[in-house]
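# Structure assessment
Spelled out from the first residue to the last, the chains are:
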Amino acid sequence: MDNNKFIEIQNAQMSFNTRNGVFQALRDINLTVARGEFITLIGHSGCGKSTLLNMIAGLLKASDGLLLCANREIAGPAPERAVVFQNHSLLPWLTCFENVYLAVERVFGAAEGKAQMKERTNAALALVGLTHAAQKRPHEISGGMKQRVGIARALSMEPKVLLMDEPFGALDALTRAHLQDELLKIVARTSSTVVMVTHDVDEAVLLSDRIVMMTNGPAATIGEILKVELERPRERVALAQDARYSQYRTAVLEFLYHRQAHPAKEAA
Ligand SMILES: Nc1ncnc2c1ncn2[C@@H]1O[C@H](COP(=O)(O)OP(=O)(O)OP(=O)(O)O)[C@@H](O)[C@H]1O
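Keep in mind it's a predicted model, so treat the numbers as computed, not measured. Per chain, the residues get numbers from 1 upward, laid out in the order the sequence is written. With the structure being a predicted model, the display of local features is reserved for residues of pLDDT at least 70 and the display and counting of side-chain atom pairs for 80 or more, all residues being used for whole-chain, interface and lining totals.

### Here we look at the site of the ligand
Only the C-beta atom, placed from the backbone, is used; a residue is near a molecule or strand if that atom lies within 6 Å of it. Near the ligand you find 13 residues, and of these F16, A25, S45, S50 and T51 are the closest. Going along the chain from the N terminus, every DSSP run of H or I of four or more residues is numbered as a helix, and every run of E of two or more is numbered as a strand. Among the secondary structure elements, those contributing two or more residues to the shell around the ligand are β1 (7–18), β2 (21–33) and α1 (49–57). At three residues, α1 tops the list of elements feeding residues into the shell around the ligand.

### Concerning the sheet that holds strand β4 (residues 64–69)
On the basis of which strands lie adjacent, the open sheet formed by four strands has the order β2-β1-β4-β5 and antiparallel pairing. Either end of the sheet is taken by a strand with one partner, and the two such strands are β2 and β5 (72–73). As judged from the two bridges shared by β4 and β5, these two strands associate in the antiparallel manner. Counted as the bridge partner of L68 is E73 from β5. At least two bridges found by DSSP between two strands is the condition for calling them paired.

### Structural notes on the nonpolar core
Of all hydrophobic cores here, the largest spans 72 residues; its most connected members are I56, V100, A152, L163, V195 and V252. By the convention adopted here, residues are in contact when the distance between their C-beta atoms, placed from the backbone, does not exceed 7 Å. If we ignore the near neighbours within four places in the chain, the residues touching L163 are L53, I56, A57, R81, A82, V83 and V195. Put simply, a nonpolar core is buried Ala, Val, Leu, Ile, Met, Phe, Trp, Tyr and Cys residues tied into one set by C-beta atoms within 7 Å. Think of it as a crowd count around each C-beta: if 20 or more other C-beta atoms lie within 10 Å the residue is buried, if 12 or fewer it is exposed, and in between it is partly exposed, with C-beta placed from the backbone throughout.

### Quick notes on the confidence of the model for the protein
Taken as a whole, the protein shows an average pLDDT of 93; of its residues, 97% reach a score of 70 or greater. With a pTM of 0.93, the predicted complex shows an ipTM of 0.98. Along the chain, pLDDT gives the predictor's confidence residue by residue, from 0 to 100.

### Quick look at the packing of helix α4 (residues 143–156) against helix α5 (residues 173–190)
Where α4 meets α5, the closest approach of the two axes is 11 Å, and the angle between their N-to-C directions is 15 degrees. Viewed along their axes, α4 and α5 adopt a mutual orientation that is roughly parallel. Crossing angle aside, the handedness with which α4 passes α5 is right-handed. Residues G144, Q147, R148 and L155 of α4 form the contact with α5, whose participating residues are T175, L179, I186 and T190. In this classification, Asp, Glu, Lys and Arg are treated as charged, Ala, Val, Leu, Ile, Met, Phe, Trp, Tyr, Cys and Pro as nonpolar, and every other residue, Gly included, as polar. Taken together, the residues of the contact of α4 with α5 sort by class into three nonpolar, four polar and one charged. Every axis in this analysis is a line fitted to C-alpha atoms, fitted for helices over the stretch in contact. Angles between the N-to-C directions lie between 0 and 180 degrees. For classification purposes, angles smaller than 35 degrees are called roughly parallel, those larger than 145 roughly antiparallel, those between 65 and 115 roughly perpendicular, and all remaining angles oblique. A crossing counts as left-handed when the near helix is turned anticlockwise from the far one by less than a right angle, and as right-handed when that turn is clockwise.

### Comments concerning the sheet that holds strand β3 (residues 38–42)
Backbone-to-backbone hydrogen bonds join strands into a sheet, with any given pair of strands oriented parallel or antiparallel. As summarised here, the arrangement of the six strands in space is β6-β7-β8-β3-β9-β10, forming an open sheet in which the pairing is mixed. Here the strands that pair on one side only, and so sit at the sheet edges, are β6 (81–84) and β10 (222–227). In this sheet, neighbouring strand axes are inclined to one another by 20 degrees on average, regardless of whether the strands run parallel or antiparallel. Bridge count between strand β9 (residues 210–214) and β10: five bridges; the pairing is antiparallel.

This is the structure:
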């Protein structure tokens with residue numbers, strides 16, 4: 001298998017049937033993601049970032065084109081492509097441990113015993129620093145902690161790809177920064193391949209190997225891809241003073257606010 005073409009998207013299109021006829025959300029999407037690469041998708045609201053992520057997740061089927069993961073066509077959702085949503089989607093009546101265990105059982109239940117699966121669950125919770133909260137239920141923990149359980153659950157499945165849809169979108173700035181730093185460490189440790197949707201330019205520059213910038217919808221497509229060649233590990237305070245960091249940031253802002261000025265703003 002070609003590690004440079006771990007995920008391949010070839011000429012993908014996405015149209016939805018709506019009451020007012022066919023709505024083309026995405027057109028001509030071509031993208032390859034290398035194994036171990038961290039990709040962010042950025043673009044104005046409604047341009048189709050979640051749609052594209054859901055296509056990679058297998059939750060939506062492309063109207064046309066081909067999507068492959070590790071050389072196999074993406075035909076539906078699978079644990080090899082774990083998704084972390086913005087609203088963490090934990091089951092409220094289960095503890096943090098049980099929420100993660102459920103995912104572990106789904107993937108490894110046929111092959112492994114309970115002790116081994118418990119070990120996997122504990123390891124995933126430890127990875128996100130939540131060992132102490134294992135027996136708590138979602139309503140007893142903070143938003144940031146819930147999001148970490150969501151990440152632990154996704155990682156516990158040992159996915160080939162981690163798909164994240166604005167995972168930190170609902171968090172306050174400090175918690176968000178903290179989780180970004182943790183995610184950077186986890187991804188370094190696990191060599192995960194990540195595709196993440198974000199609205200946040202700083203988040204995109206801090207985390208990404210490449211930033212995929214999308215044009216406005218309808219019929220949105222990839223406008224430009226920015227390669228972020230900042231060495232890892234990355235440290236946010238040092239980067240804040242790094243001229244290259246500002247250049248990357250400016251390049252994304254330039255794309256979003258000059259080249260793809262939001263349609264609502266143009267109309268105003
Ligand atoms: N099931 C659907 N049926 C009809 N239209 C849809 C459907 N899902 C998404 N769309 C439309 O496709 C476009 C892209 O939506 P999507 O949610 O992917 O955008 P996004 O870039 O993730 O937006 P945001 O940043 O606001 O979350 C939007 O115009 C949306 O209204």
